[in-house]
Amino acid sequence: MLLTHANLATFGANAPYGLVPDGAIWMVGACIQWIGRMEDVPRQARDGESMDLCGRLITPGLVDCHTHIVHAGNRAREFELRLGGATYEEVARSGGGINSTVSATREASEEDLLGSALSRVDALIAEGVTTIEIKSGYGLNIDSEIKMLRVARRIARDRSVRVVTSFLGAHAIPGEYAGRPDAYVDEVCLPALAVAADAGLVDAVDGFCEGIAFSKEQIRKVFEAAKTLGLPVKLHAEQLSNLGGTRLAAEFGALSSDHLEYATEVDVIAMARAGMVAVLLPGAFYFLRETKLPPIDTFRKHGVGMALATDCNPGSSPMTSPLLVMNMACTLFRMTPEEALAGMTLHGAQALGLSDCGKLYAGARADLAIWDVEHPAELAYRLGFNPLHKRVFAGAV
Ligand code: DI6
Ligand code: FE
């Protein structure tokens, strides 16, 4: 299949967005065989099927590299409480917060979890997403963590989307272990990780390093276990305070550190040295009405790639719109529309350790988003409008 007369956002160094005007993409099987200007299309490519895109924009398929999209119930009541003055941390400490989603998720059947997750996944797909990272972390016992990860794998079978899983057993301390986080790590988190990894359900290991969650020492234990299993790590760090989680993650050569509102230049330098990606989550920043901005200029200064993601979860970011994330990254974080698009494609893929997607080049997977826009800045510019024309997943339109 040959896609013709499209503007291509390749992120090459030649132009802003790596924009190739009046370009073409030749797909063979699940891959991009050739990409370039219309006048250079190879002869064999012209012999097969083709689709005229009449000047539309092609970007890499979007990558949502941080989601908690598998969960049961919702936290609208907690939203009301917070608007009435309670803080996110107060709600969490009074037994609400993450633990209320844990109760709902433990009770839900695998079918129900799958059904509710698919409706959210469909919203992402409708905006051009082709790769989704999905975390566990609302089970917090062995069976329920496994259940969540099985649902994540089933999503990839039920929809034309690529799923990358993260084990997030160190997300919160469940009620039955209140005040005993070390016992939880030893008796539940580490054994659950071993079982899940053995079942092939884990692509990476995540944690939440925060006053309301786990200390650096507890996360270190989880990371040591990941290392023994040969799994890459990443961390929710520096979201509500600075506990040094990012520097710990850097020590383990993590893929990314996520949230990062309270990260310092020392943290950013450690990330740059370790080749980590900064995963920024403007939806959570907005929804929790945070005021401390992540150090965007410092990431730029040290060349740390900035990825963007929905953080889709019921407590701090109940959102399923990558385009709105891009808009928020520009309006709230002052990222440029070009950085926002790279954040949802190129750097999102990097944050997952994937090199075959997130960028348009010969040899990459043919995961594409085709947009009814003239200029890529329009993707971050509009609110509540979806200009997706078509989505291509593994070469299938
Ligand atoms: N940080 C977040 O933003 C989500 N998890 C985390 O560690 C929030 C999860 C929730 O509130 O349910
Ligand atoms: Fe998160």
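For the structure itself, consult the block above.
Here goes a summary of the coordinates provided. Along each chain, residues carry numbers from 1 onward, in the same order as the chain's sequence is written. Key to labels: chains lettered from A, ligands numbered from 1, both in the order written. Totals for whole chains, interfaces and linings use every residue, but because this is a predicted model, local features are given only for residues with pLDDT of at least 70 and side-chain atom pairs only at 80 or more, for both listing and counting. With hydrogens and water excluded, all non-hydrogen atoms of the structure serve as input to the side-chain values.

Numbering of helices and strands runs from the N terminus; a helix is a DSSP stretch of H or I covering at least four residues, while a strand is a stretch of E covering at least two. Along its length, the protein carries 16 helices and 15 strands. This radius of gyration counts C-alpha atoms alone. The globule rule is 2.2 Å times how many residues there are, raised to the power 0.38. For the protein, whose C-alpha radius of gyration is 21 Å, the value lies close to the compact-globule estimate of 21 Å for 397 residues. Dimensions of the protein along its principal axes, counting C-alpha atoms only, are 70 × 40 × 40 Å. Note on classification: 1.4 Å probe, protein chains only; a residue is buried when its accessible area is under 20% of the maximum for its type, exposed when over 50%, partly exposed between these limits. When each of the 397 residues of the protein is scored for burial, the buried share is 59%. Between two residues, a contact is recorded if the distance between any of their heavy atoms is within 4.5 Å. For the protein, long-range pairs separated by at least 24 residues make up 71% of all intrachain contacts whose partners lie at least 6 apart in sequence. Accessible surface is estimated by sampling points in the Shrake-Rupley manner with a 1.4 Å probe; for residues, cover comes only from the protein chains shown. For the protein, the accessible area works out to roughly 15,000 Å², and carbon and sulfur atoms hold 51% of it. Under the convention used here, Asp and Glu are negative, Lys and Arg are positive, and both His and the chain ends fall outside the count. Where a charge lies is defined by one atom per residue type: Lys uses NZ, Arg uses CZ, Asp uses CG and Glu uses CD. Averaging the positions of the 36 positive and the 47 negative side-chain charges in the protein gives two centres separated by 1 Å.

A few words on the sheet that holds strand S8 (residues 162-170). Only strands that DSSP links by at least two bridges are regarded as paired with each other. Spatially, the 8 strands line up as an open sheet ordered S6-S7-S8-S9-S10-S11-S12-S13, and their pairing is parallel. Strands with a single pairing partner mark the edges of an open sheet, and in this sheet they are strand S6 (62-64) and strand S13 (306-308). The sheet shows a mean angle of 25° between the axes of neighbouring strands, direction not considered. In the sheet, S6 pairs with strand S7 (residues 129-135) via 3 bridges, with the strands oriented parallel. To obtain an axis, a line is fitted to C-alpha atoms, over the contacting stretch when the element is a helix, and the angle between two such axes runs from 0 to 180 degrees between their N-to-C directions.

Let's shift gears to the coordination of the iron ion (ligand 2). Protein-derived coordination of the iron ion (ligand 2) comes from His66 (NE2), His68 (NE2), His236 (NE2) and Asp311 (OD), at a distance range of 2.1 to 2.4 Å. Because no water is among the atoms considered, metal sites can look incomplete, with donors defined as N, O and S atoms within 2.8 Å of the metal, or 3.2 Å for Na, K and Ca. Square planar and octahedral sites, with four and six donors, are those where opposite donors lie more than 155 degrees apart and all other angles lie between 65 and 115, tetrahedral sites have four donors with every angle between 85 and 135 degrees, and the rest are irregular. One can describe the site at the iron ion (ligand 2) as irregular: its 4 donor atoms subtend angles covering 80 to 165° at the metal. Read from N- to C-terminus, the donor residues coordinating the iron ion (ligand 2) fall into the pattern H-x1-H-x167-H-x74-D. Exposure remark for His66: the relative accessible area of 0% places this residue in the buried category.

This next bit is on the pattern of salt bridges. Salt-bridge detection follows one rule: a side-chain nitrogen of Lys or Arg within 4 Å of a carboxyl oxygen of Asp or Glu. Throughout the structure, instances matching the rule amount to 21 salt bridges. As a salt-bridge pair, Glu78 and Arg75 come within 2.5 Å of each other at their nearest N and O atoms. The class of Glu78 is buried, set by a relative accessible area of 6%. Note that Asp356 and Arg162 form a salt bridge whose closest N and O atoms lie 3.0 Å from each other.

Glancing now at the pairing of S8. Counted residue by residue, S8 has 9 buried out of 9 residues, so it is predominantly covered. Two strands pair when backbone bridges link them, and S7 and S8 are joined in this way by 5 bridges, in the parallel orientation. Among the inter-strand pairings, Ile132 is bridged to a residue of S8, identified as Val163. Where S8 lies against strand S9 (residues 204-209), 3 bridges are found, and the strand directions are parallel. Bridging from a neighbouring strand, Ala170 pairs with Gly207 of S9.

Moving on: the site of ligand 1. With respect to spatial proximity, 14 residues lie near ligand 1, and among them Arg75, Tyr88, Tyr138, His171 and Ser316 are the closest. Within 3.5 Å is the distance limit for a polar contact, defined as a pair of N or O atoms, with the added protein rule that one can donate a hydrogen and the other accept it, and that residues adjacent in sequence qualify only through two side-chain atoms. At 2.5 Å from an oxygen atom of ligand 1 is found a side-chain nitrogen or oxygen belonging to Tyr88. The contact in question runs from an oxygen atom of ligand 1 to an N or O atom on the side chain of His259, over 3.3 Å. Considering ligand 1 on its own, with 320 Å² of exposed area, one finds that the protein chains cover 100% of that surface. Looking at the shell around ligand 1, its residues break down into 4 nonpolar, 8 polar and 2 charged. A single heavy atom is enough: if one lies within 4 Å of a molecule or strand, its residue is considered near that molecule or strand. For this classification, the nonpolar set comprises Ala, Val, Leu, Ile, Met, Phe, Trp, Tyr, Cys and Pro, the charged set comprises Asp, Glu, Lys and Arg, and every other residue, Gly included, is treated as polar.

Next up on the list: the packing of helix H5 (residues 110-126) against helix H6 (residues 142-158). Running from N to C, H5 and H6 point in directions that differ by 50°, and their axes come no closer than 10 Å. With respect to H6, the axis of H5 lies oblique. Along this stretch, H5 crosses H6, giving a crossing that reads as right-handed. The segment H5 lies against H6, with Glu110, Glu111, Leu113, Leu114, Ala117, Leu118 and Val121 engaging Lys147, Arg150, Val151, Arg154, Ile155 and Asp158. Broken down by class, the residue content of the contact of H5 with H6 amounts to 7 nonpolar, no polar and 6 charged. By definition in this entry, angles of less than 35 degrees are roughly parallel, angles greater than 145 are roughly antiparallel, angles of 65 to 115 are roughly perpendicular, and the rest are oblique. Each crossing gets its handedness from the near helix: less than a right angle anticlockwise from the far helix is left-handed, clockwise is right-handed.

Looking now at helix H13 (residues 322-331). Owing to its 3.6 residues per turn, the α-helix aligns residues three or four sequence positions apart on the same side. Across the 10 residues of H13, 8 count as buried, placing the element largely inside the fold. Of all the residues in H13, the buried ones are Pro322, Leu323, Val325, Met326, Asn327, Met328, Ala329 and Cys330.

Keep in mind these values describe shape, not function.
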